[in-house]
Structures are given as structure tokens and as C-alpha cells.
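# Architecture at a glance
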Amino acid sequence: MDTFLLQILNGLDKGSAYALIALGLTLIFGTLGVVNFAHGALFMIGAFCAVTLSRILNLSYETIDPEKKDFLGNPAVVKTTYVESWFGPEAGAWIIDWAVPLGILFAIPIMLLIGYVMERGLIKHFYKRPHADQILVTFGLAIVLQEVIKYFYGANPIPTPAPSAFKGSFDFGVLLGMDPNVIIYPYWRMIYFTFSLVVIGAVFSFLQFTTFGMVVRAGMADRETVGLLGINIDKRFTIMFGIAAAVAGLAGVMYTPINSPNYHMGMDFLVLSFVVVVVGGMGSLPGAVLAGFLLGILESFASMNWIKDILPGIDQIIIYLVAIIILLTRPRGLMGRKGVMEE
Amino acid sequence: MLGLNQKDTKFLLIVVALTLLTPFLTQPFAESSGLAQFNAGYPDLMQRFAIYGIFAIGFNILFGLTGYLSFGHAAFLGVGSYSAVWMMKLLTTNVIPGIILAIVVSGLFALLIGYVSLRRSGIYFSILTLALAQMSFNLAYSVLTPITNGETGLQLTLNDPRILGVTATPDGSIPATHLFGLEMKSSAQWEVFGHLFTFNVGYYFCAVMAIIAFYLSLRIFRSPFGMMLRAVKTNQTRMSYTGLNARPYTLAAFVISGMYAGLAGGLLASMDPLAGAERMQWTASGEVVIMTILGGAGTLMGPVLGAGFIKYFENIFSKINDGVLHGWFAFLPDGLEDFVVFLIHPFVGKGWHLTLGLLFMLVVTFLPGGLMEGGNRISRWYKNRRNKGTDTDEGTPHAPKSTPHVAE
């Protein structure tokens, strides 16, 4: 029972990342009908937004403190960050410590802008072209984005810690009346899971309860009719592309403390997210979210030792295996609508 | 000749000549001149031209003819490499058995993967092949370590049995790969007028293989089977209405292109008996897609051109560093020179992939037919301009098209 619970919890954080990326992919596919191979790169850019913010906050200037002496007896050089000098030492230190959560505020406008530029500048010209061309051009774009990041930030992973308040782990076992230290779960992963639920909830309620969302949903169902009613659907779809980019970016920002960002993390997640989208059903938003969490949990179950003893290597391939089985037996995925991309 | 009409025979002969003369053609600059760094006439690179040419020709049989975009072709290359190295470990370092095994094993593997993934088409097919290839990559890294030697990669050792060959040479080193005694790495050099030409056994072996591969693909393109594959790309629904089942044709194309990839993998292992799992990664599959598209999918020469283009510039670009750039722009005033170097710097050296990505995006956007279409456009424009003065009746827009126009 306890290992069972532990594996579910372990699967949740990866599942959250899959779900968020797959949600964005599906939003883009459902609205614009474009298969975006650069979505993983957007996730990576989000993570590097957090890195950039933490670097900006750590910018400092040097002053010579005549009171203190270093070990040679010269006046010591003291580094003070600008943030600390502006907000006072205590508030400044707090801001620097909270760089990753603050990265959310920093990333949203950047990701919206990137999404907007990408759609208007590139994707727009590919609506009428075959899916293969869309895959190819976004694949090229993914390479370019990845290389740009590599040029500016180097090839090594950049550790970006979570705020010190969230270091350490939470003892779930005690909460359920078990012995301490049976089920422990890092605080930040809990935060990540909650955060992803909030983002997913926000996206769904935006689509469900606002006029804008209603128009977008109508456009997804029948683009032409909505256009005939005199609504500029293209403009709204462009905004949805920006929102999808922002969702991927936010997933990246919050993922940095779990895994130090490097330039190819996007590609690693992209392949899996595509598989998630396919399992969930191309074009189905709830399907993408559900499949994201399910596959994340399944992956963590497959990495349990006794399962690995029976089927060695299963943890490496379980997701692909599920995807292949789903595609062959139920091509529209778990919750896909009939007729979408069913060939 | 060889079952080809006159035009194709001429075409084939040109290709043969170009392939055999590669050591001259890739060495246009004298050793002492400043442009010697643009020479590409050394064995390793020439072998790569031929090998990746084969890989791309094979990929083109699937993607160019049937339109099925596979994102997992590197898996077959990797499987081919592993089988060839195993043959060299167990049997002999003669390359022939290794290559035969590579082709057979990758063909069988392609049959398996093709049987599963060809049940779907379009983007689903791409994702299925991607998933299957990524699965094989993960397996090669983890569970299959006894066969693939995991992260280290599979290589020859001094305790391999090598039943038909020798375990170790008399001086106690690992025997080199050879073709009935001709060592792959041995080469002859010829210096004339300051040019240094290298004739490498391995390259000529790859070149002969590439010519055979090209000839076979030419025959496939001209055959009724090739016509069927084009029909699959053009309109599969209409094809099935006429009572034809497309699956056997696409599966055959998939297996053939898998065997081409296996041959390329076997050749890679023959040139350098080493096989690693990173050859199977999906970025490697992406590379062959880029080669084919860049050159021109669906054309005979396009993939070979694309493979040569990418391998050549990959090599040249990674050699250009800031010092070289400063040398080139030394004629500019100082400030401007630094600025120009600063602008170009991100795109050369380690930035080759950035340039490649940008180039690929541009080609997909503006020149979907790749380099071949670019060449055709230029020659048409040139012809039109020349014809304008003399004969206005034969303007191309009104001339009947040689191939029937079909919607994609």
C-alpha cells in the first residue's frame, strides 16, 4: 500500500509536466490544426526564463569596505546585489531566494510574445500546407531555438534552486497514520503538482466561462461558420497560440528546481508529450491532461524494482509501448473525437 | 544498358563518373593555398558522403515516393551497425559477411516496425515510427547492454573469437577491417601540381556500394512498383477504389528503405568498427530527413546532394573559428572587422546546427522541392531568358507538361 502510494506521488510531478505540455500542443492542434514540433523548445525557453531572472536578480556591484580586511590585510571587496541595495538586505535576499516563483511573472509576457511572433511570423504561412511540412518547419525552428539557447547559456545544466522555504520533504505517511519516513515527498514537487492543476483549471475555465473562450470553442468546432458570423477568429486563434506557449513556458519555469535546465530538455520532453497527446486523443483537451497524468504514474510504477525484475527495461519503454497499443487498437486515443486525424 | 533507357544510362554514367572522381573533385585547392581548408578530399569525409548518400537514397524511396514521413529511420542504421560489428567480432573482419548480416537484420527489423506502423498514415505514422525508434534506442542503452554494450558502445576486442579470421594480429593488436586482404584504411596518395589526392580503399568500397544503391533506386523509380508507390502518395483513396491494396506496396518500400539504412550502418561499422546507441537517437533520424528534404525529396539526385551538402558544410563550418574569420575580413577597417566577425561568430564553429536549422526552415518554407527545385528554377529562368529573343512560341507555360499535374 505504501509503495503503491509513493509511486503514484512520484508519477505526479512528471505527469504534471507531460499534462501541461500536452495541453498546449492540443490547444494548438485543436485551434490551428498545426502539429507543433517546437513546443518542447517553448518549454525549455520557459525554464531559461527562470534562469535569466535569477541571473538578473543576482547582478551585483562591488564596493570597498574599509572596515573589513581580507586575509592579506587589504580592504575587503564586498559584493552587493542591486536588489538588496534597492529593497534593503532582508527583502532583497527574499526576492533572490524566490527567483523561480517570480519567474512566472517574468515568463508570462515573454512567452505570450514569443507565441504571438511565432504564429504571425511563421506558422501562419503553413495552414494550407501538408502536415508533413508543418512538422518539418517546426522541427527546424526547434533546432534553431535550442541552438540559440545553447549559444547564450552553454551546454551544461544550470542548477536553479527552489526557494529555501520549500526545501526538504513532506511526510505523507504520518498524515495517513503510517510510520514516519515511509512516504516522504519533496515540497517542491507538491507545489509543482498543485501549480499544474491551477494552470490546467485556469485554461479550462477560461475556455468554458468567458465569451472569448466560447468563441474559441465555437471556432474549434466550425471555423468557417464562426468566420461567417463576422468574428475575426484568426486573431483569437493567434492569442490561443500565445496562451499555449505561455502554458508550456510556465511548465518549464516551475520545473527548473526539479531538473536543472539544459538546452536539450525540450526535445526530451517533446517526444514524450507527443506520445501523450496521441494517447489522450488528438484534439481532446481533457484527454491530453488525463493521459499526461496517467502516463506519468504508469512510468513511475514501471520503475519499481519488482516489476523491473520480471520485465527488465520496462520502465524505459512503457510509455511508447502504451502509445503503440493505443494507436493500433483505438487510433482516436482515450478521449479523442471521432474523425479527428483518423486516417 | 542494364535495363535503362538511353537517358537514364547517361545519367547513371555521369553519377558513376562523379563518384569515382570524388577524390579529385573534392580537392580543388592546392595544399599551400589559403583555401586548402575547403578541401574535402580526405578519406573519412569522402566515406561519409557515400554512406550518408546511401542512407538518404533509401529514405527517399520511402518518403519521396510514398510520402510517408518516418521519424525513426536511424534505428535501422543503428541495428545495421550493431550486426556488422557482431559479425566482425564472431566471424571475421572481412567486411562482406558483416554487411550482408546488417542488411538482413535491418530488413527484418524494418519488416516488424513497418508492419506495426504502416497501419496508420499521416502524422500518426510519424509518431509511431518515432516512438518505436526511441524505444529501440532506450532498450539499446539499458536492457540490451549485453548485446549493445550500452553507453560505451560495441567495439572489437582482443578476446573476440573471430572463427574464420584471426583473434589478434602477430604484433598483438586488433585486426583491421578488410575486403579479402585489402585494408579499408589503407590509401594511396598522389601529389601533382601541389594538389594532394588521396585514394582510399574504404572510400572506393563505399562508392561502389553507393553506385549499386543508386542504380537500384533508379530502377525502382522507373518500375511499375515505383509507379504504385507514387500512386500511394498522390491519392491512396482512389487507389483503393480501383481495387488495389496499398499496404503491401508501402510495406515493401519501408523494408527496402530499412535495408538501405542497414547497408549504410554496416558500412559505417566497416570503416570504423564501432557502434553506439546514439546512432539510433531521433536526432539522427531527423538528420536524414533534413538531408532528403534539403536536396529534394522524390528526386533521384536530391538526397545524395543533400547528404553531401550537409556533411561537407558540417565539416567546413566546424573548422572556422574566430582566427579564420579575422583572417578573411582583415581588409575591413578594424571596428567594422570586429563587428562582422561578431555577427558571423554564432553561425560557425560550434554554431553549425544553428545554421543548419535556419537553412532547413528556409528551404521548407520557400523551396519545398529542395536544392533540385532550386536548380531547376534557375535553369528554367535561364532558358526562358535565352528563348525570349528567338522563339516566343515555345514559352514553357503553354508547353505540355511532361508529367501529369496532380494535387498533393
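Throughout, a residue's number is its position along its own chain's written sequence, starting from 1. Chain letters and ligand numbers both follow the written order, the letters beginning at A and the numbers at 1. pLDDT decides what is reported in this predicted model: residues at 70 or higher carry local features, side-chain atom pairs at 80 or more are listed and counted, and totals for whole chains, interfaces and linings draw on all residues regardless.

## Focus on the overall build of chain B
In terms of helices and strands, chain B carries 17 helices and 6 strands. Taking 2.2 N^0.38 as the reference for a compact globule, 408 residues should give roughly 22 Å; the C-alpha atoms of chain B span a radius of gyration of 23 Å, in line with that estimate. Projected onto its principal axes, the C-alpha coordinates of chain B cover approximately 75 × 70 × 45 Å. Labels follow a simple rule on C-beta atoms placed from the backbone: if 20 or more others lie within 10 Å of a residue's own, it is buried; if 12 or fewer, it is exposed; otherwise it is partly exposed. For chain B, the proportion of its 408 residues judged to be buried stands at 43%. Each residue gets a C-beta atom placed from its backbone, and two residues are in contact if those atoms lie within 7 Å. Relative to all contacts within chain B whose residues are 6 or more apart in sequence, the contacts with residues 24 or more apart total 73%. Numbering of helices and strands runs from the N terminus, with a helix taken as a DSSP run of H or I at least four residues long and a strand as a DSSP run of E at least two residues long. The atom set for the radius of gyration is the C-alpha atoms, and the globule formula is 2.2 Å times the number of residues raised to the power 0.38.

## Quick look at the overall build of chain A
When helices and strands are counted, chain A shows 15 helices and 4 strands. Its C-alpha radius of gyration of 23 Å places chain A within 12% of the 20 Å reference for a compact globule of 343 residues. Here the C-alpha coordinates of chain A stretch approximately 80 × 55 × 35 Å along the principal axes. Across the 343 residues that make up chain A, the buried fraction comes to 46%. If you take every contact in chain A between residues at least 6 apart in sequence, the share linking residues at least 24 apart comes to 74%.

## Regarding the packing of helix H8 (residues 187–209) of chain A against helix H9 (residues 211–221) of chain A
Residue and element names in this part refer to chain A. Contact geometry of H8 with H9 gives a least axis separation of 5 Å together with a crossing angle of 85 degrees. One element, H8, and the other, H9, form an angle in the roughly perpendicular class. Contact with H8, carried on its side by Phe206, Leu207, Gln208 and Phe209, involves Gly213, Val216 and Arg217 of H9 and no other residues of that element. Residue composition of the contact of H8 with H9, by class: 4 nonpolar, 2 polar and 1 charged. Under this scheme, a helix contributes an axis fitted over its contacting stretch, all axes are lines through C-alpha atoms, and angles between N-to-C directions fall in the 0 to 180 degree range. Here roughly perpendicular refers to angles of 65 to 115 degrees, roughly parallel to angles under 35, roughly antiparallel to angles over 145, and oblique to all remaining angles. Three categories are distinguished: nonpolar for Ala, Val, Leu, Ile, Met, Phe, Trp, Tyr, Cys and Pro, charged for Asp, Glu, Lys and Arg, and polar for the others, with Gly belonging to the last.

## Notes on the pairing of strand S4 (residues 187–192) of chain B
Residues and elements named next belong to chain B. With respect to burial, S4 is a largely exposed element, only 0 of its 6 residues being buried. Should DSSP find at least two bridges between two strands, the strands are regarded as paired. As paired elements, S4 and strand S5 (residues 195–200) share 6 bridges and run antiparallel to each other. Within S5, the residue paired with Gln189 across the bridge is Thr198. Hairpin connection between S4 and S5: a loop of 2 residues separates the two successive antiparallel strands, and Phe193 in this loop has a positive phi of roughly 50 degrees.

## Focus on the UniProt feature "transmembrane region" (unreviewed entry) in chain A
All names here are of chain A. UniProt positions are given in the numbering used here, feature names are shortened, and annotations may be inferred rather than shown by experiment. Those residues carrying the UniProt feature "transmembrane region" (unreviewed entry) are residues 15–35, 42–61, 91–114, 190–216, 237–258, 270–298 and 310–328 in this numbering. For residues 15–35, the helix share is 86%, the strand share is 0%, and the end-to-end C-alpha distance is 21 Å. Helix and strand shares over residues 42–61 are 80% and 10% respectively, and the end C-alpha atoms of the span are 33 Å apart.

## Quick word on the nonpolar core
Note on definitions: a nonpolar core is a set of buried residues drawn from Ala, Val, Leu, Ile, Met, Phe, Trp, Tyr and Cys, linked by C-beta atoms within 7 Å. Counting 207 residues, the largest nonpolar core has Val275(A) and Phe55(B) as the members making the most contacts within it. Of the residues forming this core, the biggest block, 15 residues, is contributed by helix H11 (residues 233–255) of chain A. If we skip the residues at most four places from it in the chain, Phe55(B) touches Leu77(B), Tyr260(B), Ala261(B), Ala264(B), Val288(B) and Ala307(B).

## A few points about the interface of chain A and chain B
Taken together, the contact pairs 33 residues of chain A with 36 residues of chain B. Only helix H6 (131–153), helix H12 (265–280) and helix H15 (314–329) of chain A provide two or more residues apiece to the side of chain A that touches chain B. Residue composition of the side of chain A that touches chain B, by class: 25 nonpolar, 5 polar and 3 charged.

## Focus on helix H4 (residues 74–90) of chain B
Multiply 1.5 Å by the residue count of a helix minus one, and that product is the helix's expected span. Under the 1.5 Å per step criterion, the end-to-end length of H4(B) is 24 Å for 17 residues, consistent within 8% with the ideal 24 Å. Within H4(B), 15 of the 17 residues are buried, which leaves it mostly tucked inside the rest of the structure.

## Here's the deal with the environment of Asn159(B)
Residue and element names in this part refer to chain B. One can find Asn159 in the loop between strand S1 (154–155) and strand S2 (178–179). According to the C-beta neighbour criterion, Asn159 is exposed, with 8 such atoms within 10 Å. Taking C-alpha positions, Asn159 is 56 Å from Ala330, a pair spaced 171 residues apart along the chain.

## Considering the environment of Phe59(B)
All names here are of chain B. Of note, Phe59 is situated in helix H3 (residues 43–66). The exposure class of Phe59 is buried, given the 29 C-beta atoms found within 10 Å. The spatial distance from the C-alpha of Phe59 to the C-alpha of Gly258 is 7.8 Å, given a sequence separation of 199 residues.

## Some thoughts on the environment of Met118(A)
By the secondary structure assignment, Met118(A) is in helix H5 (residues 99–121). Between the C-alpha atoms of Met118(A) and Leu27(A), which are 91 residues apart in sequence, the distance is 15 Å.

## Here we look at the confidence of the model for chain B
All names here are of chain B. The quantity called pLDDT is the predictor's confidence in a given residue, expressed from 0 to 100. Per-residue confidence for chain B gives a mean pLDDT of 83, with 94% of residues at or over 70. Here helix H14 (residues 322–328) stands out as the element of chain B with the lowest mean pLDDT, 75, in contrast to helix H11 (residues 246–271), whose mean of 92 is the highest. Counting interchain partners and residues more than four positions distant, the pLDDT-below-50 stretch residues 392–396 has 4 contacts. Contacts of residues 404–408 to residues separated by more than four positions or lying in other chains number 2 contacts, the stretch itself having pLDDT below 50. Interface predicted TM-score (ipTM) for the complex: 0.82; the corresponding pTM is 0.85.

## Some thoughts on helix H6 (residues 122–141) of chain B
Look at H6(B): 29 Å from first C-alpha to last across 20 residues, which is about the 28 Å you get at 1.5 Å a residue. With respect to burial, H6(B) is a largely interior element, 17 of its 20 residues being buried.

## As for the packing of H3(B) against helix H12 (residues 282–295) of chain B
Residue and element names in this part refer to chain B. Remark: H3 packs on H12, axes separated minimally by 9 Å, with the N-to-C direction vectors making an angle of 75 degrees. Accordingly, the angle class assigned to the pair H3 and H12 is roughly perpendicular. Residues Tyr52, Phe55, Ala56, Phe59, Asn60, Phe63 and Gly64 of H3 lie in contact with H12, whose contacting residues are Val288, Met291, Thr292 and Gly295. Among the residues forming the contact of H3 with H12, the class breakdown is 7 nonpolar, 4 polar and no charged.

## A look at the pairing of strand S1 (residues 60–69) of chain A
All names here are of chain A. Counting buried residues along S1, only 0 of its 10 residues qualify, which leaves the element largely exposed. In this structure, S1 lies alongside strand S2 (residues 75–81), joined through 7 bridges in antiparallel fashion. Across the sheet, the residue bridging to Lys69 is Pro75, located in S2. Turn length for the S1-S2 hairpin, with the two strands adjacent in sequence and antiparallel, is 5 residues, and the turn residue Gly73 shows positive phi of about 95 degrees.

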